[in-house]
Amino acid sequence: MSMQVKRRADYQPPAFLISSVELTIHLHPQSTRVHSVLKIQRNGNHDQELVLDGEQLNLLELSIDGQTITNYEVTDSALVIPSVSNEFTLTTVCTISPADNKALEGLYLSNGVYCTQCEAEGFRRITYFIDRPDVLATYQVTLHGERKTLPTLLSNGNPVDEGINADGTHWVKWVDPHPKPSYLFAIVAGEFDVLKDEYITLNGKRVALELYVDKGKRDRGQFALDSLKRAMAWDEQEYGLEYDLDIYMVVAVDFFNMGAMENKGLNIFNSKFVLANPETATDEDFFNVESVIAHEYFHNWTGNRVTCRDWFQLSLKEGLTVFRDQQFSADMTSPLSNRIKHVRVIREHQFAEDASAMSHPIRPDEVIEMNNFYTVTVYDKGAEVIRMLHTLLGKERFRAGMDEYFNRYDGQAVTCDDFLSAMQTATDLDLAHFSRWYSQSGTPEITVSQKVSADKTWVTISQYTPPTADQQDKSELFIPLGFSCIDLNGRHYQDCEQKVLEGVLILDQPETTLTFDNGGQELIPVMLAGFSAPVRIKQGLSSEALLATFLYAQDDFNRWDALQQLYDWCITQYEINQSVEDKIWEGLRDALESEKNNYELLSECLVIPSFETLCQTRTNIHVETLHAAREQFAREFITKLENELKDVYHSIQLDSYQYNQQDVIARRCKNVVLGHLARLTQHEDLVKEHFNQSDNMTDSLGALKAAQHGHRELFKTLMETYGEQWKNDPLVLDKWFSLHATTERADILSHLTLLQSHPQFSIDNPNRVRALIGSFAFYNTSGFHALDGSGYQYLTDYLLKLDDCNPQVAARLVTPLTQWQRFDQHHQEQMRRQLARLLEHDGLSSDVFEKVSKSLA
Ligand code: ARG
Ligand code: ZN
């Protein structure tokens, strides 16, 4: 394992290229045999040695052009052959042990199913290779396995031949004609239920669709398959992009480190993002299935056809593909709730990453363990950067730029600069300044001030990006800022020089001033319509101004955001032991009343900012005080609004479950309202009834979550019923684990320990670990941040065990500890103490090492 820092600036083209790969794989749990034939060419004029990546491989044979060789060296991470000719065929035979692979990188066994995860650097655990994304080869793969236990044998591309061996085993041969980097390689072998369908492309090409799920789970696969067809049609419609093989396969597996993987023609998915029916999946699960299915499908063009030159360019494919899946989801569901969902991710997680020792630009400069850079910054802030381009260029020019991107770079491994240069051809705007978003980390802060004279008002808007752990010096960015101005009565004003065009102000200087001919009065600047840029607005509007913004602003995101700011302001009052005046509650009541039939906006507005979101507007956080203030606000909220919310609850009547937008929105509103009502003892029966009458997972879970905040005994009873009902269904049980882990109770740690011995819990399964340990560390505020440090210690003890089997997941779960900077000194010390314990651990993985050492530096 290497603790070495790799730098973007050090990029060198590969010394050798590999044009074709022929793999013959005999599957066996402890001793899978991988026979590999590589056609290799020297790249350029040099006499460097051949270095192939390889980890945890047992090399049995090695020959060049048919001749066994002895002049080579094998290390922990490489096979080095000092002298080779300019063009040759290299044959290796290795064995590997999928059954012992608990890290879930390379080839591993998931509940008896063989599957692979090669991104970013997993292929080197299957065979010796130049395992980097700028080495593109065609693949021919023959899989051999037992007929009885492994009737299905899959790889990338098209199946071309199959047969039975003398020993009774069988084989299937696959050919993928599209040259691809090794990270897109995949195989799957096992026994499945399969759903088959067909898609006819824009140009009339027939594509076979096959979705593989665990035996007995066929009825949970239809929605994913339908989502895939919607995604295929959407990409043709919106981007003119068509699928390019005869077959597209999706396989659901239970053991998976991340969400899913876009392997060419053979996507492998965490079963959580495939399996869904109304009894077992919530509306949110359905949404996620559709969006992840689309994400992986969209990668076929943004990722596979045009791929990354090196891993520092990861956002080239991820930021762009997340943006595309967000557009798709908005089209399939509704733009507002989608936008708010993404804003929450940015504010809760990405801003927190910027503020931590792990801060990095969307195109990182330094990496120790690549797996640590599949982050909210690279993915979600990356998507925001693409969205800004879309805003700046407009829909048509953006599309023209994308067309140019594919025309130029199809079949190549390229950089973020290449992407920008293609986009540049579609616009007069000079993108040089804009490109700084790729190299600068941190969250820009926007501030506003006003000067009022007898007849005019000047509004000055400034930007400032504070230093981050990775980067001291910042310069101004090119920011498209959604902007409008209103007054307390709801009148709208246009600035005299028309710097604001179509609701957008370009902020490309440290500050800019707008002049308003408005007879000289205080204005309310409404900033960041649609969350037009990933920035923090520091505005400090009064409660009256926030209520006016809600009532009169044009943009629904702004309206929602105004109430979120108002809630934040109220919570601050409680933090400093002040009260919130009745006139504010009245204003709030009127505001909510005015939208009582708009369930979509209403339900978003009824969500109180999470503890994590509140952390973003505070420093030196005293956890107990903030947590208590938030609780107090939640209680006051329902006390003051009980009658109105009761009415809303009863006004929503739904027939039997259907996943469609209107119902999803209504159901969401009803469950959010129930969550509030449940804080009052008099509504216990309502919660019980909601649970008992539910015919779907959304409402069942809604009732459980509501009970979690109000009724200890009821919660306990309902959880017992639910736990018993779903004890054999791990995916459903994950929701139950997570509810347990986020419950506020004095004995939470012993309770977690007990749950770890639940028959369905296993440290080897990332979904279980995330549901129980992850939920606790990320979302159990009072338990995790217990004053005596016991929550931190508990997580650390667990991570020490987990790191030994699955470093990737361990490195994810260490995140809450590495965000110690935002808390007060007492908590900081306790958190750092546990980080130090991790760092001292013998044999710590490079994954956890990178994050912990940065965090303590
Ligand atoms: N490319 C995949 C996606 O975005 C993520 C896979 C990353 N896996 C990993 N182990 N780093 O859908
Ligand atoms: Zn992706």
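Residues numbered from 1 in each chain as written. Chains lettered and ligands numbered in written order. Predicted model: local features only at pLDDT ≥ 70, side-chain atom pairs only at ≥ 80, totals over all residues.

Looking at an unreviewed UniProt entry, the protein chain carries the name Aminopeptidase N, with the source organism given as Alteromonas aquimaris. The protein chain has a UniProt comment under Cofactor (unreviewed entry) that states "Zn(2+)". (UniProt positions renumbered as here; feature names shortened; annotations may be inferred.)

Caption draft 1: Focus on the overall build of the protein chain. Helix and strand content of the protein chain: 28 helices and 33 strands. Since a compact globule built from 857 residues should have a radius of gyration of about 29 Å, the 28 Å found for the protein chain is in line with a globular shape. When the backbone C-alpha atoms are referred to their principal axes, the protein chain occupies close to 90 × 65 × 60 Å. Counting all 857 residues of the protein chain, 50% fall into the buried class. Contacts in the protein chain between residues at least 24 apart in sequence constitute 70% of all its contacts with a sequence separation of at least 6. (Helix = DSSP H or I, 4+ residues; strand = E, 2+ residues; numbered from the N terminus. Rg over C-alpha atoms; globule rule 2.2 N^0.38 Å. Buried ≥ 20, exposed ≤ 12 C-beta atoms within 10 Å, placed from the backbone. Contact = placed C-beta atoms within 7 Å.)

Caption draft 2: Highlighting the packing of helix H10 (residues 543-552) against helix H12 (residues 582-594). Direction vectors running N to C along H10 and H12 enclose 5°, while the axes themselves pass 10 Å from each other. Judged by the inter-axis angle, H10 sits roughly parallel to H12. Residues Ser-543, Leu-547, Phe-550 and Leu-551 of H10 form the contact with H12, whose participating residues are Ile-584, Gly-587 and Ala-591. The residue inventory of the contact of H10 with H12, partitioned by class, reads five nonpolar, two polar and no charged. (Axes fitted to C-alpha atoms, helices over the stretch in contact; angles between N-to-C directions. Parallel < 35°, antiparallel > 145°, perpendicular 65-115°, else oblique. Nonpolar A, V, L, I, M, F, W, Y, C, P; charged D, E, K, R; others polar.)

Caption draft 3: View of the sheet that holds strand S15 (residues 170-180). Spatial ordering of the open sheet is given by S6-S5-S9-S3-S2-S12-S15-S14, a layout of eight strands whose pairing is mixed. Of all the strands in the sheet, just strand S6 (67-68) and strand S14 (158-164) have a single pairing partner and so form its edges. Where strand S2 (residues 16-26) meets strand S3 (residues 32-42), ten bridges bridge the pair, whose relative direction is antiparallel. Bridged to Ile-18 within S3 is Ile-40. (Pairing = 2+ DSSP bridges.)

Caption draft 4: Structural view of the nonpolar core. Within the largest apolar cluster, 246 residues are counted, with the highest numbers of intra-cluster contacts made by Val-188, Val-251, Ile-268 and Leu-481. Those residues in contact with Ile-268 that sit more than four places away from it in its chain are Cys-115, Gln-117, Ala-186, Val-188, Val-251, Val-253, Ala-260, Met-261 and Asn-263. (Core = buried A, V, L, I, M, F, W, Y, C linked by C-beta atoms within 7 Å.)

Caption draft 5: Structural detail: the sheet that holds strand S20 (residues 260-261). Strand order in this open sheet of five strands is S17-S18-S19-S21-S20, and the pairing throughout is mixed. The open sheet has two edge strands, strand S17 (193-200) and S20, and neither has a second partner. Relative to S17, helix H1 (residues 222-239) is tilted by about 20°, and along the sheet it contacts S17, strand S18 (206-213) and strand S19 (247-253).

Caption draft 6: Representation of the pairing of strand S30 (residues 504-507) within the structure. As paired elements, strand S27 (residues 479-486) and S30 share four bridges and run antiparallel to each other. Considered in S30, the bridge of Gly-482 is made with Val-504. Once strand S29 (residues 500-501) ends, the chain turns through two residues before running back antiparallel as S30, passing Glu-502 with a positive phi of about 45°.

Caption draft 7: Inspection of the site of ligand 1 at higher detail. The environment of ligand 1 is made up of 15 residues, and the closest members are Glu-119, Met-258, Met-261, Asn-371 and Tyr-374. Elements represented by at least two residues in the shell around ligand 1 include exactly S20 and helix H2 (283-298). Counted by class, the shell around ligand 1 contains five nonpolar, six polar and four charged residues. (Near = placed C-beta within 6 Å.)

Caption draft 8: Focus on the UniProt feature "domain: Peptidase M1 alanyl aminopeptidase Ig-like fold" (unreviewed entry) in the protein chain. Here, UniProt's "domain: Peptidase M1 alanyl aminopeptidase Ig-like fold" (unreviewed entry) annotation points to residues 442-539. Counting secondary structure, residues 442-539 comes out at 0% helix and 46% strand; the distance between its end C-alpha atoms is 19 Å.

Caption draft 9: Representation of helix H24 (residues 790-805). Over its 16 residues, H24 extends 24 Å from the first C-alpha to the last, a length consistent with the 22 Å expected when each residue adds 1.5 Å. Among all positions in H24, only Gly-791, Tyr-792, Tyr-794, Leu-795, Thr-796, Tyr-798, Leu-799, Leu-802 and Asp-803 are buried. (Expected span 1.5 Å × (residues − 1).)

Caption draft 10: Structural detail: the UniProt feature "domain: Aminopeptidase N-like N-terminal" (unreviewed entry) in the protein chain. Using the residue numbers shown here, the UniProt feature "domain: Aminopeptidase N-like N-terminal" (unreviewed entry) corresponds to residues 25-184. Annotated as residues 25-184, this span is 0% helix and 52% strand, and its ends, taken at the C-alpha atoms, are 17 Å apart.

Caption draft 11: Quick peek at unusual backbone geometry. Glu-119 connects to Ala-120 through a cis peptide bond whose omega is 0°. Mapped onto the elements, Ala-120 comes out in the loop between strand S11 (113-117) and strand S12 (137-145). Even without being glycine, Glu-502 reaches a positive phi, approximately 45°. Take Glu-502: it is sitting in the loop between S29 and S30. Note on Glu-502: 7 C-beta atoms within 10 Å, which makes it exposed. Backbone geometry places Asn-577, a non-glycine residue, at a positive phi of 60°. Tracing the backbone through its elements, the reader meets Asn-577 in the loop between helix H11 (556-575) and H12. The class of Asn-577 is exposed, set by 8 C-beta atoms lying within 10 Å.

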